[in-house]
Amino acid sequence: MTQDILERYIAMGLTPKQKTGAEWAGPCPACGGNDRFLIWPSRDRFHCRGCKLQGDAIEFLRAIQGFGYGEACRELGRTPAAPSGRRATREPGARALAAPAWTPKISELPNALWQKRGNRFVTWAEGQLLSAPDVLLWLGAERGLTPRTVARFHLGLVPKDTYRDRTAWGLLQEFKPNGQPRRLWFPRGLVIPAFDTSGSLVRIKFRRPNPGPDEPRYIILPSLPKNTAPLAIAGTAAAWIVVESELDAMLLAQEAGDLVNVLALGSASLRPDAEAHARLEAAPIILLALDFDDAGNKAAMSWWPEHYPPDKLRIWPVPEGKDPTDAWRAGWDLRAWIEAGIPPYLLPARPVKIAAPVPMPEPARQDEGAHEQPQAEAPAAIAPSASRDDAVIAPPILPAAPSQEPHSRLSRPRKSKPTPAMVVTYKTGRRWILANQDRLLAHGWTRAGLFRAGQFRFPCGGWGLAWASAWGKPNVGGVSIAEDGTVVFELNEAGRVVRQTVQPR
């Protein structure tokens, strides 16, 4: 029998415990708890002892993940029930029928009372966060979010568990098994609101700081109707990047919001709604950066390539860790990572700056024709260093960017995953670059030229200055910036100093 319920339950980040050989128990995705949500994989059934939610895998997708009936059937590889109400199952070994095209769900706004209460609550929670400097420091140190970003996305805080009347929020009254009315739970933790493109509040999510071993980290505040629309952070960019976590999306919008729009699904198992699907269909490129785990990898390799054309969908996992925040903590430059995944024609145009003075032509002599203008010599490719008898000028460390001529480009991409030694070198270079970043940018360097991870195996493919091999050499005596922006490495060798240079890119 199918185990779809158990697999999808685990993919949501929940951890069930096996009670018997056929029964699993864990927190309910709808109402929380510890072990009230029971799953019987061999029977294709689930049941919550708290909110009384129950059914099979189809009902799980409909009630928990917001699928329609036909969409849930197609997701599970089943055909919809016959008109008589009897389910049409496929015999073992029978040829599967072609699944109809996927139809994205149209998201509905929660009722007006819920939105009114929700906006008041979000404003209150913002004030609570401003009064908690330790949480603001955590957001900066562990999540990379600046105070400006925190304010932009209206993040808030619930200092302690709070309960309110469900009907006051436009929800139906529910009752506990003992007959007492069930109240609406606002768990202690970070408040993450989601707004649609018109500014209407559509969802409130809580991130709990210390959940129990069998309790969910994230809780969504119930609404009527239930809204599962992804969080879309759109600007003037043409490209889109798809991630799971809303906090990851906010970090990417902060670091590279002018380069790419961000879509946060909330979970690898959730799908774009109709509005998000229309945006992705119109996008020239989609970077798919779901979490690097079993659920994210499965979705990236199966569902997404089946529903979006390969010429615009690019699977683009983070260079280290599970998600963008992990990569940020490891020292990676997220902006350079995104720049490397976007075609150059979609990147914002930058003015070309030449810091080196251009030689002026000498005035023509009286006996030379006035129409003959002397040609200025091209500036040297490598700026001269300070004169020194034992100095040797070595070739540049990094090769020039590959030519745009078709015949000179590599025929197929090579794996560009950095080795551990390259990562160590990158971190060393990144520290020096960040300390001198303003000077470098003023001399014509770009962030891509400083940090970009190439699309081809190193050293081909335009790797940035931070990846230069000289950073990892033990005999580096010093690094300096010449007047024209050239970075000069001084390598102490036996009896002499070797200078290697890299020009602005």
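All of the points below concern the structure found in this document. (Residues numbered from 1 in each chain as written. Predicted model: local features only at pLDDT ≥ 70, side-chain atom pairs only at ≥ 80, totals over all residues. Heavy atoms only, no water.)

### Let's talk about the overall build of the protein chain
- Of regular secondary structure, the protein chain possesses 15 helices and 20 strands.
- Within the protein chain, the fraction of its 505 residues that count as buried is 42%.
- Residue pairs at least 24 apart in sequence account for 57% of intrachain contacts in the protein chain once pairs closer than 6 positions are excluded. (Helix = DSSP H or I, 4+ residues; strand = E, 2+ residues; numbered from the N terminus. Buried < 20%, exposed > 50% of the residue type's maximum accessible area, 1.4 Å probe, protein only. Contact = heavy atoms within 4.5 Å.)

### Side note on the packing of helix α7 (residues 246-256) against helix α12 (residues 334-341)
- Two elements in contact, α7 and α12, have axes separated by 9 Å at closest approach and are oriented at 85 degrees. Taken together, the axis directions place α7 and α12 in an arrangement best described as roughly perpendicular. Judged by residue contacts, L251, L252, E255 and A256 of α7 engage L334, R335, W337 and I338 from α12.
- In the contact of α7 with α12, the residues fall into six nonpolar, no polar and two charged. (Axes fitted to C-alpha atoms, helices over the stretch in contact; angles between N-to-C directions. Parallel < 35°, antiparallel > 145°, perpendicular 65-115°, else oblique. Nonpolar A, V, L, I, M, F, W, Y, C, P; charged D, E, K, R; others polar.)

### Some words on unusual backbone geometry
- Between L224 and P225 the backbone carries a cis peptide bond, its omega angle lying at 0 degrees.
- Within the secondary structure, P225 sits in the loop between β11 (218-220) and β12 (231-233).
- The phi dihedral of D44 is positive, around 55 degrees, even though this residue is not glycine.
- Within the element layout of this structure, D44 appears in the loop between β3 (32-40) and β4 (45-48).
- Using a relative accessible area of 9% as the deciding quantity, one classes D44 as buried.
- Not every positive phi belongs to a glycine, and H154 is a case in point at roughly 60 degrees.
- Considering the arrangement of structural elements, one finds H154 in the loop between α6 (147-152) and β6 (156-158).

### Some details on the sheet that holds strand β2 (residues 24-28)
- Strand order in this open sheet of five strands is β1-β2-β3-β4-β5, and the pairing throughout is antiparallel. The open sheet has two edge strands with one neighbour each: β1 (17-18) and β5 (54-55).
- As paired elements, β3 and β4 share four bridges and run antiparallel to each other. Bridged to L38 within β4 is H47. (Pairing = 2+ DSSP bridges.)

### Looking at the pattern of salt bridges
- For the coordinates displayed, the defined rule picks out 12 salt bridges.
- Between E174 and R182 there is a salt bridge, with the nearest N and O atoms lying 3.8 Å from each other.
- For D258, the salt bridge identified is with R335, shortest N-O distance 2.8 Å. With D258 in the loop between α7 and β14 (260-264) and R335 in helix α12, the pair connects residues that are 77 residues apart, well separated along the chain.
- Shared partners join several salt bridges into a network, and the residues in it are E142, D326 and R329. (Salt bridge = Lys/Arg side-chain N within 4 Å of Asp/Glu carboxyl O.)

### Quick word on α7
- Counting buried positions along α7 yields nine of 11 residues, so the element is predominantly enclosed.
- Within α7 the residues assigned to the buried category are E246, L247, D248, A249, M250, L251, L252, A253 and A256.
- N-capping of α7 is provided by S245, with a side-chain oxygen placed 3.1 Å from the backbone N of L247. (Polar contact = N/O pair within 3.5 Å; in protein donor to acceptor, adjacent residues only side chain to side chain.)

### Re the side chain of T425
- Structurally, T425 can be placed in helix α13 (residues 420-435).
- Here T425 is in contact with A466, A468, S469, W471 and G472, once residues within four sequence places are set aside.

### Points about the sheet that holds strand β10 (residues 201-207)
- Pairing within the open sheet is antiparallel, and its four strands lie in the order β6-β9-β10-β11. The open sheet terminates on both sides in strands that have one partner only, identified here as β6 and β11. Averaged over all pairs of adjacent strands, the angle between strand axes in this sheet comes to 30 degrees, irrespective of strand direction.
- Here three bridges tie β6 to strand β9 (residues 189-195), and the two strands are oriented antiparallel to one another. Of the residues in β9, the one forming a bridge with L157 is L190.
- Packing of helix α5 (residues 133-143) onto the sheet brings it into contact with β6, β9 and β10, and relative to β9 it is tilted by some 70 degrees.
- Sheet contacts for α7: β9, β10 and β11; angle to β9, the most-contacted strand, approximately 70 degrees.

### A short note on the packing of aromatic side chains
- Scanning the entire structure with this criterion turns up 19 aromatic pairs.
- Aromatic side chains Y9 and F37 sit 5.3 Å apart centroid to centroid with 10 degrees between the ring planes, which places their arrangement in the stacked category. Here F37 lies in strand β3 and Y9 lies in helix α1 (residues 4-11), a separation of 28 residues in the sequence.
- Classification of F37 as buried rests on a relative accessible area of 0%.
- Ring geometry for F46 against F60: centres 5.7 Å apart, planes inclined by 85 degrees, an arrangement best described as edge-to-face. (Phe/Tyr/Trp six-rings, centres within 6.5 Å; stacked < 30°, edge-to-face > 60°.)

### Structural notes on the pairing of strand β18 (residues 476-481)
- Where β18 and strand β19 (residues 487-493) come together, five bridges link them in antiparallel fashion. Paired with V476 across the two strands is L491, which belongs to β19.
- Hairpin connection, β18 to β19: the antiparallel pair is bridged by five residues, and G485 has positive phi, about 95 degrees.

### Some remarks on the environment of R314
- Locating R314 in the fold gives a position in strand β16 (residues 313-315).
- Each C-alpha atom, one on R314 and one on I285, is 7.3 Å from the other, the two residues being 29 residues apart in sequence.
- Here G341 takes part through its backbone oxygen, which lies 3.0 Å from a polar atom of the side chain of R314.

### Details of the environment of M250
- If you trace the backbone, M250 turns up in helix α7.
- Put simply, M250 and T149 are 101 residues apart on the chain and 7.3 Å apart in space, counted from C-alpha to C-alpha.
- The contacts of M250, once residues within four sequence positions are left out, are L145, T149, F153, L155, I192, L231 and I233.

### A word on the pairing of β3
- Alignment of β2 against β3, held across four bridges, turns out to be antiparallel. Bridge assignment links C28 to a residue of β3, and that residue is G32.
- Two successive antiparallel strands, β3 and β4, enclose a turn made up of four residues, where D44 displays a positive phi of approximately 55 degrees.

Honestly, that's just the spatial picture; any functional story needs more than this.
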